[in-house]
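Architecture and fold: a report
Listed below, chain by chain, are the residues.
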Amino acid sequence: MLEVAGLSAWYGEARVLDDVDLRVAPGEVVTLVGRNGAGKTTLLRSVMGLHRQVRGTVTWAGQDLGKMSADRRAKSGIGWVPDDRGIYATLSVQENLLLPPVTSKADAWSLEQVYEQFPVLHERRDFPGTKLSGGEQQMLAIARVLRTGSRLLLLDEPSEGLAPVIVQQIGDIIRQIKDQGISVLLVEQNVKFASTVADRHYLLAQGRVVESLDNDSFQSRTSELLEYLGM
Ligand SMILES: Nc1ncnc2c1ncn2[C@@H]1O[C@H](COP(=O)(O)OP(=O)(O)OP(=O)(O)O)[C@@H](O)[C@H]1O
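About the thresholds
- Residues numbered from 1 in each chain as written.
- Predicted model: local features only at pLDDT ≥ 70, side-chain atom pairs only at ≥ 80, totals over all residues.
- UniProt positions renumbered as here; feature names shortened; annotations may be inferred.
- Helix = DSSP H or I, 4+ residues; strand = E, 2+ residues; numbered from the N terminus.
- Rg over C-alpha atoms; globule rule 2.2 N^0.38 Å.
- Buried ≥ 20, exposed ≤ 12 C-beta atoms within 10 Å, placed from the backbone.
- Contact = placed C-beta atoms within 7 Å.
- Pairing = 2+ DSSP bridges.
- Near = placed C-beta within 6 Å.
- Nonpolar A, V, L, I, M, F, W, Y, C, P; charged D, E, K, R; others polar.
- Core = buried A, V, L, I, M, F, W, Y, C linked by C-beta atoms within 7 Å.
- Axes fitted to C-alpha atoms, helices over the stretch in contact; angles between N-to-C directions.

Naming follows an unreviewed UniProt entry, where the protein appears as ABC transporter ATP-binding protein of Pedococcus bigeumensis. Turning to the protein, the UniProt record has this under Sequence similarities (unreviewed entry): "Belongs to the ABC transporter superfamily."

A separate point is the overall build of the protein. Summing up its helical and strand segments, the protein has 10 helices and 10 strands in all. Against the globule reference of 17 Å for 231 residues, the protein gives a C-alpha radius of gyration of 17 Å, in line with a compact fold. Along the first, second and third principal axes, the C-alpha atoms of the protein reach 45 × 40 × 30 Å. Residues counted as buried form 40% of the 231 residues belonging to the protein. Partitioning the contacts of the protein with sequence separation of at least 6, the portion at a separation of at least 24 is 71%.

Here seven bridges tie strand β1 (residues 2-11) to strand β2 (residues 14-24), and the two strands are oriented antiparallel to one another. Bridging across to β2, Val-4 finds its partner in Leu-22. The hairpin turn running from β1 into β2, its antiparallel successor, is two residues long, and Gly-12 in that turn takes a positive phi close to 60°. Summarising the sheet, β1 and strand β4 (residues 54-60) pair through six bridges and their orientation is antiparallel. The residue of β4 that forms the bridge with Val-4 is Val-58.

Looking now at the sheet that holds β2. Reading across from one edge, β2-β1-β4-β5 is the order of the four strands in this open sheet, with antiparallel pairing throughout. Of all the strands in the sheet, just β2 and β5 (63-64) have a single pairing partner and so form its edges.

With that settled, the discussion passes to helix α1 (residues 40-48). Counting buried residues in α1 gives seven out of nine residues, a clear majority hidden from the surface. Those residues of α1 lying buried are Lys-40, Thr-41, Thr-42, Leu-43, Leu-44, Ser-46 and Val-47. Following α1 by one or two positions, Gly-49 adopts a phi angle in the positive range, close to 85°.

The next subject is the site of the ligand. In the vicinity of the ligand, the residues found are Tyr-11, Val-16, Gly-34, Asn-36, Gly-37, Ala-38, Gly-39, Lys-40, Thr-41 and Thr-42. No other element matches the three residues that α1 contributes to the shell around the ligand. Classifying every residue of the shell around the ligand gives three nonpolar, six polar and one charged.

Where a protein is soluble and globular, its nonpolar side chains tend to be buried together. In this structure, Ala-143, Leu-153, Leu-154, Val-184 and Leu-185 are the most contacted members of the largest nonpolar core, which totals 58 residues. Residue contributions to this core peak at seven residues, all from helix α6 (residues 134-147). Once residues lying within four places of it in the same chain are set aside, the contact partners of Leu-153 are Gly-79, Val-81, Ile-142, Val-145, Ile-177, Ile-182 and Val-184.

Attention now moves to unusual backbone geometry. Note on backbone geometry: most residues besides glycine have negative phi, and most peptide bonds are trans. One non-glycine residue, Ala-61, adopts positive backbone phi at about 50°. For Ala-61, a count of 14 C-beta atoms within 10 Å puts it in the partly exposed group.

Spatial strand order, β6-β7-β8-β3-β9-β10: six strands in an open sheet with mixed pairing. The open sheet has two free edges, formed respectively by β6 (78-81) and β10 (208-214), since each of these has just one partner strand. Strand-to-strand twist of the sheet, defined as the mean angle between neighbouring strand axes without regard to direction, takes the value 15°. Relative to strand β8 (residues 183-187), strand β3 (residues 29-33) runs parallel, the two being bridged by four bridges. Note that in β8 the partner of Thr-31 across the bridge is Leu-186. Against the sheet, α6 engages β6 and β7 (152-156), with an angle of about 160° to β6. Where helix α7 (residues 164-179) meets the sheet, it contacts β3, β7 and β8, and its direction lies at approximately 150° from that of β8.

Set out below in C-alpha coordinates:
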(Lines give C-alpha, C1' and ligand atoms only; values in the text may rest on other atoms or scores of the structure.)
Protein backbone atom coordinates (compact mmCIF):
# COMPACT_ATOMS: atom_id res chain seq x y z
CA MET A 1 0.00 0.00 0.00
CA LEU A 2 1.19 3.49 -0.90
CA GLU A 3 -0.05 6.26 1.33
CA VAL A 4 0.69 9.92 0.75
CA ALA A 5 -0.39 12.30 3.50
CA GLY A 6 -0.28 16.08 3.61
CA LEU A 7 2.26 16.26 0.79
CA SER A 8 3.29 19.74 -0.32
CA ALA A 9 6.10 20.51 -2.77
CA TRP A 10 7.95 23.60 -3.85
CA TYR A 11 10.28 24.82 -6.58
CA GLY A 12 12.09 27.60 -4.76
CA GLU A 13 9.36 29.85 -3.37
CA ALA A 14 6.65 28.48 -5.65
CA ARG A 15 4.37 25.92 -4.02
CA VAL A 16 3.20 23.42 -6.65
CA LEU A 17 1.62 20.73 -4.45
CA ASP A 18 -0.65 21.65 -1.59
CA ASP A 19 -1.50 19.16 1.14
CA VAL A 20 -2.12 16.14 -1.10
CA ASP A 21 -3.50 12.91 0.38
CA LEU A 22 -3.75 9.75 -1.68
CA ARG A 23 -3.58 5.97 -1.46
CA VAL A 24 -2.92 3.13 -3.83
CA ALA A 25 -3.79 -0.38 -2.61
CA PRO A 26 -2.01 -3.55 -3.76
CA GLY A 27 -3.12 -4.44 -7.29
CA GLU A 28 -4.92 -1.14 -7.70
CA VAL A 29 -4.53 1.15 -10.73
CA VAL A 30 -5.01 4.80 -9.82
CA THR A 31 -4.68 7.81 -12.11
CA LEU A 32 -3.76 11.42 -11.53
CA VAL A 33 -5.72 13.56 -13.95
CA GLY A 34 -5.26 17.29 -14.44
CA ARG A 35 -4.26 19.91 -16.96
CA ASN A 36 -0.66 20.84 -17.77
CA GLY A 37 1.12 22.30 -14.78
CA ALA A 38 -1.33 20.87 -12.20
CA GLY A 39 1.55 19.14 -10.40
CA LYS A 40 1.13 15.52 -11.56
CA THR A 41 4.75 14.85 -12.51
CA THR A 42 6.00 16.58 -9.37
CA LEU A 43 3.77 14.28 -7.32
CA LEU A 44 5.23 11.15 -8.96
CA ARG A 45 8.76 12.51 -8.59
CA SER A 46 8.13 13.27 -4.91
CA VAL A 47 6.92 9.70 -4.28
CA MET A 48 10.06 8.41 -6.02
CA GLY A 49 12.27 10.72 -3.93
CA LEU A 50 13.47 12.59 -7.02
CA HIS A 51 11.92 15.88 -5.93
CA ARG A 52 13.26 16.76 -2.51
CA GLN A 53 11.73 20.13 -1.64
CA VAL A 54 8.70 18.57 0.03
CA ARG A 55 6.78 18.37 3.28
CA GLY A 56 4.39 15.60 4.36
CA THR A 57 4.73 11.84 4.47
CA VAL A 58 5.03 9.06 1.93
CA THR A 59 4.49 5.59 3.37
CA TRP A 60 5.13 2.51 1.29
CA ALA A 61 4.62 -1.09 2.44
CA GLY A 62 4.27 0.15 6.02
CA GLN A 63 7.48 2.16 6.02
CA ASP A 64 7.67 5.96 6.22
CA LEU A 65 10.10 6.79 3.40
CA GLY A 66 11.14 10.03 5.09
CA LYS A 67 14.30 11.33 3.43
CA MET A 68 15.13 7.99 1.78
CA SER A 69 17.00 8.38 -1.53
CA ALA A 70 15.42 7.50 -4.88
CA ASP A 71 17.84 4.63 -5.19
CA ARG A 72 16.73 3.09 -1.90
CA ARG A 73 13.08 3.67 -2.80
CA ALA A 74 13.71 1.74 -6.02
CA LYS A 75 15.24 -1.08 -3.99
CA SER A 76 12.16 -1.09 -1.75
CA GLY A 77 9.98 -1.86 -4.79
CA ILE A 78 8.98 1.47 -6.33
CA GLY A 79 9.58 1.69 -10.09
CA TRP A 80 9.70 4.95 -12.01
CA VAL A 81 8.90 5.16 -15.73
CA PRO A 82 9.51 8.79 -16.79
CA ASP A 83 7.64 10.44 -19.64
CA ASP A 84 10.77 10.36 -21.84
CA ARG A 85 10.99 6.59 -21.06
CA GLY A 86 14.71 6.73 -20.31
CA ILE A 87 15.79 4.11 -22.85
CA TYR A 88 19.52 3.91 -23.62
CA ALA A 89 19.51 4.57 -27.36
CA THR A 90 22.83 2.91 -28.18
CA LEU A 91 22.09 -0.26 -26.23
CA SER A 92 19.98 -3.11 -27.57
CA VAL A 93 16.63 -4.07 -26.06
CA GLN A 94 18.26 -6.99 -24.27
CA GLU A 95 21.10 -4.83 -22.93
CA ASN A 96 18.56 -2.30 -21.64
CA LEU A 97 16.77 -5.17 -19.89
CA LEU A 98 19.99 -6.51 -18.41
CA LEU A 99 21.03 -3.12 -17.03
CA PRO A 100 19.19 -3.23 -13.68
CA PRO A 101 21.39 -4.88 -11.05
CA VAL A 102 20.70 -8.58 -10.57
CA THR A 103 18.37 -9.03 -7.65
CA SER A 104 17.33 -12.07 -5.71
CA LYS A 105 13.90 -10.62 -5.01
CA ALA A 106 11.15 -13.13 -5.72
CA ASP A 107 9.13 -10.40 -7.45
CA ALA A 108 11.87 -9.55 -9.95
CA TRP A 109 10.91 -10.64 -13.45
CA SER A 110 13.35 -12.91 -15.28
CA LEU A 111 14.29 -12.18 -18.87
CA GLU A 112 12.16 -15.18 -19.91
CA GLN A 113 9.14 -13.78 -18.05
CA VAL A 114 9.59 -10.40 -19.74
CA TYR A 115 9.82 -11.97 -23.18
CA GLU A 116 6.76 -14.12 -22.50
CA GLN A 117 4.66 -11.11 -21.45
CA PHE A 118 6.13 -8.74 -24.07
CA PRO A 119 6.65 -10.87 -27.22
CA VAL A 120 7.52 -7.78 -29.27
CA LEU A 121 10.55 -7.16 -27.04
CA HIS A 122 11.70 -10.70 -27.77
CA GLU A 123 11.35 -10.09 -31.51
CA ARG A 124 13.28 -6.84 -31.18
CA ARG A 125 15.81 -8.03 -28.60
CA ASP A 126 18.85 -7.18 -30.74
CA PHE A 127 17.50 -3.83 -31.96
CA PRO A 128 19.12 -0.66 -30.59
CA GLY A 129 16.90 1.69 -28.58
CA THR A 130 16.94 4.19 -31.44
CA LYS A 131 15.15 1.75 -33.74
CA LEU A 132 12.18 1.16 -31.47
CA SER A 133 8.78 2.73 -31.96
CA GLY A 134 7.33 4.88 -29.16
CA GLY A 135 5.13 1.98 -28.03
CA GLU A 136 8.04 -0.45 -27.96
CA GLN A 137 10.08 2.04 -25.94
CA GLN A 138 7.22 2.37 -23.46
CA MET A 139 6.98 -1.42 -23.12
CA LEU A 140 10.75 -1.66 -22.65
CA ALA A 141 10.68 1.04 -19.96
CA ILE A 142 7.92 -0.81 -18.09
CA ALA A 143 9.63 -4.20 -18.49
CA ARG A 144 12.90 -2.77 -17.18
CA VAL A 145 11.39 -1.70 -13.87
CA LEU A 146 9.57 -5.03 -13.54
CA ARG A 147 13.00 -6.68 -13.82
CA THR A 148 13.95 -4.93 -10.57
CA GLY A 149 11.01 -6.48 -8.70
CA SER A 150 8.91 -3.32 -8.46
CA ARG A 151 5.57 -3.73 -6.71
CA LEU A 152 4.46 -0.14 -7.41
CA LEU A 153 4.86 1.41 -10.85
CA LEU A 154 4.83 5.17 -11.29
CA LEU A 155 3.97 5.77 -14.95
CA ASP A 156 4.14 9.28 -16.39
CA GLU A 157 1.82 9.58 -19.41
CA PRO A 158 2.45 6.13 -20.90
CA SER A 159 -0.02 6.75 -23.76
CA GLU A 160 1.53 10.05 -24.87
CA GLY A 161 2.26 10.22 -28.59
CA LEU A 162 1.18 6.63 -29.27
CA ALA A 163 -1.26 5.41 -31.93
CA PRO A 164 -4.63 4.18 -30.58
CA VAL A 165 -3.86 0.51 -31.28
CA ILE A 166 -0.60 0.78 -29.32
CA VAL A 167 -2.37 2.59 -26.48
CA GLN A 168 -4.67 -0.45 -26.29
CA GLN A 169 -1.64 -2.72 -25.97
CA ILE A 170 -0.24 -0.57 -23.17
CA GLY A 171 -3.65 -0.86 -21.50
CA ASP A 172 -3.47 -4.68 -21.78
CA ILE A 173 -0.04 -4.64 -20.17
CA ILE A 174 -1.25 -2.47 -17.29
CA ARG A 175 -4.13 -4.91 -16.71
CA GLN A 176 -1.71 -7.88 -16.70
CA ILE A 177 0.52 -6.09 -14.20
CA LYS A 178 -2.50 -5.38 -12.01
CA ASP A 179 -3.54 -9.06 -12.15
CA GLN A 180 -0.20 -9.90 -10.57
CA GLY A 181 -1.03 -7.70 -7.58
CA ILE A 182 1.31 -4.89 -8.64
CA SER A 183 0.04 -1.35 -7.98
CA VAL A 184 0.13 1.40 -10.58
CA LEU A 185 -0.02 5.17 -10.07
CA LEU A 186 -0.43 6.71 -13.46
CA VAL A 187 -0.37 10.27 -14.75
CA GLU A 188 -2.67 10.49 -17.73
CA GLN A 189 -4.06 13.27 -19.93
CA ASN A 190 -5.88 10.75 -22.13
CA VAL A 191 -8.96 10.35 -19.97
CA LYS A 192 -10.58 7.83 -22.29
CA PHE A 193 -7.57 5.58 -21.85
CA ALA A 194 -7.45 6.31 -18.11
CA SER A 195 -11.02 5.11 -17.71
CA THR A 196 -10.26 1.80 -19.46
CA VAL A 197 -7.48 0.83 -17.04
CA ALA A 198 -8.04 2.56 -13.71
CA ASP A 199 -9.95 1.57 -10.57
CA ARG A 200 -9.91 5.08 -9.17
CA HIS A 201 -8.90 8.62 -10.07
CA TYR A 202 -7.60 11.70 -8.30
CA LEU A 203 -8.29 15.00 -10.02
CA LEU A 204 -5.57 17.55 -9.49
CA ALA A 205 -5.88 21.31 -10.04
CA GLN A 206 -3.21 23.81 -9.08
CA GLY A 207 -1.48 21.31 -6.86
CA ARG A 208 -4.56 20.24 -4.89
CA VAL A 209 -6.69 17.12 -5.06
CA VAL A 210 -10.10 18.50 -5.97
CA GLU A 211 -11.93 15.17 -6.42
CA SER A 212 -11.27 11.52 -5.66
CA LEU A 213 -13.63 9.13 -7.36
CA ASP A 214 -14.08 5.55 -8.51
CA ASN A 215 -14.03 4.68 -12.18
CA ASP A 216 -17.82 4.34 -12.54
CA SER A 217 -18.40 7.85 -11.19
CA PHE A 218 -15.54 9.15 -13.34
CA GLN A 219 -17.03 7.62 -16.47
CA SER A 220 -20.51 8.94 -15.82
CA ARG A 221 -19.25 12.48 -15.11
CA THR A 222 -16.30 12.70 -17.52
CA SER A 223 -17.36 15.73 -19.56
CA GLU A 224 -18.45 17.72 -16.50
CA LEU A 225 -15.15 16.92 -14.75
CA LEU A 226 -13.01 17.81 -17.74
CA GLU A 227 -14.79 21.11 -18.13
CA TYR A 228 -14.21 21.79 -14.44
CA LEU A 229 -10.50 21.02 -14.82
CA GLY A 230 -10.27 23.10 -18.02
CA MET A 231 -9.03 20.14 -20.05
N1 LIG B 1 12.15 22.43 -12.55
C2 LIG B 1 11.16 23.29 -12.29
N3 LIG B 1 11.43 24.52 -11.80
C4 LIG B 1 10.44 25.40 -11.54
N5 LIG B 1 9.14 25.13 -11.69
C6 LIG B 1 8.81 23.92 -12.16
C7 LIG B 1 9.79 22.94 -12.49
N8 LIG B 1 9.16 21.82 -12.92
C9 LIG B 1 7.84 22.09 -12.88
N10 LIG B 1 7.62 23.36 -12.42
C11 LIG B 1 6.33 24.02 -12.23
O12 LIG B 1 5.60 23.24 -11.28
C13 LIG B 1 4.23 23.17 -11.63
C14 LIG B 1 3.82 21.71 -11.71
O15 LIG B 1 4.52 21.09 -12.78
P16 LIG B 1 4.35 19.54 -13.13
O17 LIG B 1 5.31 19.22 -14.24
O18 LIG B 1 4.42 18.75 -11.89
O19 LIG B 1 2.86 19.53 -13.68
P20 LIG B 1 2.12 18.44 -14.54
O21 LIG B 1 0.73 18.40 -14.02
O22 LIG B 1 2.90 17.18 -14.55
O23 LIG B 1 2.10 19.09 -15.98
P24 LIG B 1 2.76 18.58 -17.33
O25 LIG B 1 1.85 17.56 -17.86
O26 LIG B 1 2.79 19.82 -18.15
O27 LIG B 1 4.14 18.09 -16.97
C28 LIG B 1 4.07 23.94 -12.93
O29 LIG B 1 3.64 25.24 -12.63
C30 LIG B 1 5.48 23.98 -13.48
O31 LIG B 1 5.67 25.14 -14.25
